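Analysis of the macromolecular model
Residues per chain, in single letters:
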Amino acid sequence: MKILDKTICVLGLGYIGLPTASLLGTKGYKVHGVDVSENVVNTINDGRIHIVEPDLDVMVKSAVNSGNLKASLEPCEADIFIIAVPTPFKDGKKPDLSYVAQATEKIAPFVKSGNLVILESTSPVGTTNEVVADILANYGLKPGEDVFVAHCPERVLPGRILIELVENDRVVGGINEASTKVAVDFYQEFVRGDVLATTAKTAEMVKLTENSSRDVQIAFANELSMICESEGINTWEVIGLANRHPRVNILQPGPGVGGHCIAVDPWFIVDRSPDKARLIRTAREVNDSKPDWVIDRVKNCADKFKNPTIACLGLAFKADVDDLRESPAFDIVQKLKADSIGNLLVCEPNLKQHKDFDLVTLEVAIRDADIVLLLVDHKQFNHLKVIDFKERVLIDTRGVIK
Ligand code: SAJ
């Protein structure tokens, strides 16, 4: 079958589903995107986007205008179904697979013999078989025989999604060999990186391993920053010099680890192997403790003033995105507000407004501040120099201010 004849139904039009759907639309597939939010569906059908991601607006507009991308609240029949819904955790850091289950239930009545169902959401080991394939089987389908089912975890970095969707290598694991083959053939049609075949369980573990590895490495940097601070040493200088060793490559400390991936996925490993995943759990705990450490530093500084004005620079979970999910910066500012620590001036250049804060410009925030708390290394803050701050107290959690 030629690309132009293939129809694709993408479940979830968020940070992964929308870029994937629009990319496939611009490649010539007929894409039917599904989301639970009417607002998201209407925005996309108008050729607009509801998230901040470089160049995504142009791609969505082009895919919608060509007639290849349509958004809807309901799925329809298709050759390929891609599930790209959230997999957060619930109480007790237990994986919440309800969105995956609901999405599978939703498509199941439309899945026919010969179709391919792909789970792209980052998922605990076993999900592709025990949730997706099992639900399809409940609808009378025979996963692996008449319907192909595979996991192909998304690996794109927010801020570079459209580049990485095409350039990154992809790991594809089916519930059986036939499923792997059909899914590999599909990804090879639009991925320029290598498409690497394995099993569904291995693909699930690979994705969790990637993010846990990054979490452990960032925890090392964060722990180091707390040690260096108590020694009166500049952590960024230490890391910069240590990284001049040919076999040392330490990541950067920050106010904590945020986002919906790295702060979440390691718990999926801990949940299944609580006795063995000791380092992975500790890394999560170190990274989760960092926001409170930053808050204590702010409180110590604030005690030296009478109702100080505190400029909080950045709310997003990382540089140059508007995403506040699991953001340590946002948590810190919320807690300062809840504890009535100073008069807060919040600057987040990637958001026009926020319901909890009256956002101000960088100039206003710095002009009126006694304490400047830099939380995110957005490009708008990169030019800042210590000399710009005169007698203000600086707390730079990202090592940005030169
Ligand atoms: N961070 C640091 N120090 C660093 C690097 C990052 O504190 O040296 C912080 C960031 O500020 C942020 C958090 O870590 O709060 C996560 O940011 P990130 O840029 O490391 O990763 P994400 O969450 O945007 O995307 C990750 C990526 N995974 C890896 O790099 C292994 C991406 O490829 C995945 O597709 C994505 O998770 C995902 O969706 O799982």
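This text gives an overview of the structure that appears in the document. (Residues numbered from 1 in each chain as written. Predicted model: local features only at pLDDT ≥ 70, side-chain atom pairs only at ≥ 80, totals over all residues. Heavy atoms only, no water.)

Summarising burial for helix α1 (residues 17-27): 9 of the 11 residues are buried, a large majority. Listed in full, the buried residues belonging to α1 are Gly 17, Leu 18, Pro 19, Thr 20, Ala 21, Ser 22, Leu 23, Leu 24 and Gly 25. Phi turns positive, to about 115°, at Gly 28, one or two residues after α1. (Buried < 20%, exposed > 50% of the residue type's maximum accessible area, 1.4 Å probe, protein only. Helix = DSSP H or I, 4+ residues; strand = E, 2+ residues; numbered from the N terminus.)

This part is about unusual backbone geometry. A positive phi angle, near 50°, is found at Ser 340, a position not held by glycine. Position of Ser 340 among the secondary structure elements: in the loop between α12 (328-338) and β12 (343-347).

Below, the discussion takes up the state of the cysteines. Under the counting rule described, the total for this entry stands at 0 disulfides. Free of any disulfide, Cys 228 has its nearest cysteine sulfur in Cys 301, 18 Å distant. (Disulfide = S-S within 2.5 Å.)

Relative to strand β10 (residues 195-199), strand β9 (residues 170-174) is paired through 5 bridges, and the arrangement is parallel. Bridge assignment links Gly 173 to a residue of β10, and that residue is Thr 198. Crossover connection from β9 via helix α7 (residues 177-188) to parallel β10: handedness right-handed. (Pairing = 2+ DSSP bridges. Right-handed = clockwise from strand over helix to strand, strands pointing away.)

Read from one edge of the open sheet, 8 strands run β3-β2-β1-β4-β7-β8-β9-β10, paired in mixed fashion. At either end of the open sheet lies a strand with only one pairing partner, and these are β3 (69-72) and β10. When the angles between neighbouring strand axes are averaged without regard to direction, this sheet yields 25°. In this sheet, strand β4 (residues 80-83) lies alongside strand β1 (residues 7-11) in parallel orientation, the contact comprising 4 bridges. Bridge pairing in β4 places Leu 11 opposite Ile 83. Sheet strands touched by helix α8 (residues 200-231): β8 (148-151), β9 and β10. Its angle to β10, the strand with the most contacts, is close to 115°. (Axes fitted to C-alpha atoms, helices over the stretch in contact; angles between N-to-C directions. Contact = heavy atoms within 4.5 Å.)

This part takes up the environment of Lys 276. Within the secondary structure, Lys 276 is located in the loop between α10 (265-272) and α11 (278-302). By relative accessible area, Lys 276 is classed as exposed at 74%. Considering only alpha carbons, one finds Lys 276 and Thr 198, 78 residues apart in sequence, at a separation of 24 Å.

What follows covers α11. The end-to-end C-alpha distance of α11 is 37 Å, a good match for the 36 Å that 25 residues give at a rise of 1.5 Å each. Residue Lys 290 marks the point of greatest curvature in α11, where the axis turns by about 30°; the proline Pro 291 follows within four residues. Looking at the buried side of α11, the elements it contacts are α8, α10, β11 (309-313), α12, β13 (371-374) and β14 (393-396). (Expected span 1.5 Å × (residues − 1). Bend = angle between axes of the 7 residues up to and from the residue.)

Looking now at the site of the ligand. Taken together, 20 residues surround the ligand, and among them Glu 154, Lys 207, Arg 214, Gln 252 and Phe 317 come closest. At 2.4 Å, a side-chain N or O of Glu 154 approaches an oxygen atom of the ligand. Separating an oxygen atom of the ligand from a backbone N or O atom of Arg 155 is a distance of 2.8 Å. When the free accessible area of the ligand is taken as 770 Å², the share hidden by the protein chains comes to 89%. A per-element tally of the shell around the ligand places α8 first, with 5 residues. Of the residues assigned to the shell around the ligand, the class counts are 9 nonpolar, 3 polar and 8 charged. (Near = heavy atom within 4 Å. Polar contact = N/O pair within 3.5 Å; in protein donor to acceptor, adjacent residues only side chain to side chain. Areas by Shrake-Rupley, 256 points an atom, 1.4 Å probe, with all protein chains shown as cover. Nonpolar A, V, L, I, M, F, W, Y, C, P; charged D, E, K, R; others polar.)

This part is about the pairing of β11. Extensive coverage of β11 is indicated by the burial of 5 of its 5 residues. Alternating residues of β11 divide into Thr 309, Ala 311 and Leu 313 and Ile 310 and Cys 312, and every residue in both groups is buried. Relative to β12, β11 is paired through 5 bridges, and the arrangement is parallel. Paired with Ala 311 across the two strands is Leu 345, which belongs to β12.

Now for the nonpolar core. Ranked by size, the top nonpolar core spans 43 residues in total, and within it Ile 44, Phe 186 and Tyr 187 carry the most contacts. The leading source of residues in this core is helix α3 (residues 56-65), at 5 residues. Sequence-distant contacts of Ile 44, defined by excluding residues within four places in its chain, comprise Leu 13, Leu 18, His 50, Val 60, Val 64, Leu 69 and Ala 71. Residues Ile 295, Ala 302, Val 333 and Leu 373 belong to the second largest nonpolar core, which totals 27 residues. (Core = buried A, V, L, I, M, F, W, Y, C linked by side-chain atoms within 4.5 Å.)

To continue, consider the packing of α10 against α11. Here α10 crosses α11 at 140°, and the two axes come no closer than 9 Å. Taken together, the axes of α10 and α11 are oblique relative to one another. Viewed along their axes, α10 and α11 form a crossing whose handedness is left-handed. Facing α10, whose interface residues are Pro 266, Trp 267, Ile 269 and Val 270, α11 presents Ile 280, Arg 281, Arg 284 and Asp 288. Its residues placed into classes, the contact of α10 with α11 shows 5 nonpolar, no polar and 3 charged. (Parallel < 35°, antiparallel > 145°, perpendicular 65-115°, else oblique. Left-handed = near helix turned anticlockwise from the far one by under 90°.)

With respect to the helices and strands, Pro 349 occurs in the loop between β12 and α13 (362-367). Distance from Pro 349 to Asp 322, taken between C-alpha atoms, is 8.5 Å for residues 27 residues apart in sequence. If sequence neighbours within four positions are ignored, Pro 349 has contacts with His 378, Gln 380 and Phe 381.

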